[in-house]
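Take a look at the letters that make up each chain.
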Amino acid sequence: MRRLRFVCIEDDIRFAEILKTVIIRYFQLTNFVVTVELYQDIPINLNLDTIDGCFLDIQIGNHDIINFIKNIKTEDFKIPIILISNYDDYIFQTVHLQIFDFIRKSRFNEEIIETLNRLQDYLEYKSQSIFIEYNGSAYHISINDILYIETLSHHTIIHCKQGMNYEIWRSYNTVFKESYTSLMRTHKSYVINMNYCYRVDKNLAYIKDTNIKIPVSQRNYKNVSKKFREINSILK
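Everything numeric here is computed off the predicted structure, so don't read it as measured data.

### Regarding the sheet that holds strand E14 (residues 204-207)
Strand order in the open sheet made by the 3 strands is E13-E14-E15, with antiparallel pairing throughout. Every other strand in the sheet has two partners, leaving strand E13 (197-200) and strand E15 (213-215) as the edge strands with one partner each. Taken over all neighbouring pairs, the strand axes of this sheet differ in orientation by 25° on average, direction set aside. Of the pairings in the sheet, the one linking E14 to E15 comprises 3 bridges and is antiparallel in character. Along E15, the bridge assignment pairs Tyr206 with Lys213.

### Focus: unusual backbone geometry
In this model, Asn135 sits at a positive phi of 55°, which is unusual for a non-glycine residue. Residue position: Asn135 is located in the loop between strand E6 (129-134) and strand E7 (137-142). Positioned with a positive phi, Gln162 is a non-glycine residue whose angle comes to about 60°. Along the chain, Gln162 turns up in the loop between strand E9 (156-160) and strand E10 (165-168). For Gln162, a relative accessible area of 72% translates into the label exposed.

### Looking at helix H1 (residues 13-28)
Over its 16 residues, H1 extends 22 Å from the first C-alpha to the last, a length consistent with the 22 Å expected when each residue adds 1.5 Å. When we look at burial in H1, the residues that qualify are Phe15, Ala16, Leu19, Ile23, Ile24, Tyr26 and Phe27. Down the axis of H1, the sector holding all buried residues measures 165°, keeping them to one side. For H1, the exposed residues lying more than 90 degrees away from the buried face are Arg14 and Arg25. The opening residue of H1 is Asp12, an N-cap whose side-chain oxygen sits 3.2 Å from the backbone nitrogen of Arg14.

### Here's the deal with the environment of Leu123
Within the secondary structure, Leu123 sits in helix H4 (residues 108-126). In the structure, Leu123 is positioned 95 residues away from Gln28 in sequence and 14 Å away in space, judged by C-alpha atoms.

### Observations concerning the sheet that holds strand E11 (residues 183-187)
Sheet architecture is open: 5 strands sit in the order E10-E9-E8-E12-E11, paired in antiparallel fashion. A single partner strand is all that each edge strand has here, and the edge strands are E10 and E11. Across the sheet, the mean angle from the axis of one strand to that of its neighbour is 20°, orientation sign disregarded. Two strands pair when backbone bridges link them, and strand E8 (residues 146-151) and E9 are joined in this way by 5 bridges, in the antiparallel orientation. Paired with Ile146 across the two strands is Cys160, which belongs to E9.

### Notes on the packing of aromatic side chains
Counting across every chain of the model gives 11 aromatic pairs. Ring geometry for Tyr134 and Tyr166: centres 5.3 Å apart, planes at 80°, overall edge-to-face. In this pair, Tyr134 sits in strand E6 while Tyr166 sits in strand E10, placing the two residues 32 residues apart along the sequence. Given a relative accessible area of 21%, Tyr134 falls into the partly exposed group. By relative accessible area, which is 9% here, Tyr166 ends up buried. Between Tyr139 and Tyr166 the ring centres are 5.2 Å apart and the planes differ by 55°, which places this aromatic pair in the tilted class.

Analysis parameters
- Residues numbered from 1 in each chain as written.
- Predicted model: local features only at pLDDT ≥ 70, side-chain atom pairs only at ≥ 80, totals over all residues.
- Heavy atoms only, no water.
- Pairing = 2+ DSSP bridges.
- Helix = DSSP H or I, 4+ residues; strand = E, 2+ residues; numbered from the N terminus.
- Axes fitted to C-alpha atoms, helices over the stretch in contact; angles between N-to-C directions.
- Buried < 20%, exposed > 50% of the residue type's maximum accessible area, 1.4 Å probe, protein only.
- Expected span 1.5 Å × (residues − 1).
- Arc of directions from axis to C-beta.
- Polar contact = N/O pair within 3.5 Å; in protein donor to acceptor, adjacent residues only side chain to side chain.
- Phe/Tyr/Trp six-rings, centres within 6.5 Å; stacked < 30°, edge-to-face > 60°.

What follows is the structure, given as structure tokens:
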């Protein structure tokens, strides 16, 4: 059973306890073990390594919440930050921070469930990963860390970010599930993570921030280009 760790920074103790209870009950129903840490003030040395979400009241005394959020984003931009406030105006003031969601206390009962639904979907997507054996050791690889995959007759080469490559003597279909929707076959010998594709031509797919070009076969071009358009329409 997977463990989740959430941080709630809220100076209203009563509201913080309500929020904690709702979060725990929600994720327990989805078979997660949940920890919610409550803070009435901004913690000085907050460990960000294992945080799955941060619920933050935008008004904590006289603190500069905006800079605190920026610091979190600098350390790990993937941490979902959910802002909570009594004031609707803050929604527009915090758009540039690329927060995960905004909850108005006046509409807490309806908006918290919508936010938790989205958060659960995000965490499940983020948790997609594979386990492999490579050079006598076991590795846990997040699908989000994979750039592309070479699929050869009896083995598979997984090319990851930071230049890490893993060659395993197993076929692609025995390692990867169809539910990994970001992975797309471009060619009989290549699969690309479409989240890192910035351009698709008739014969090639291009990987962001690299000089890597992946072959695209005529047979797969239609599906690859369709997936590329879908992803980019979501990001805009």
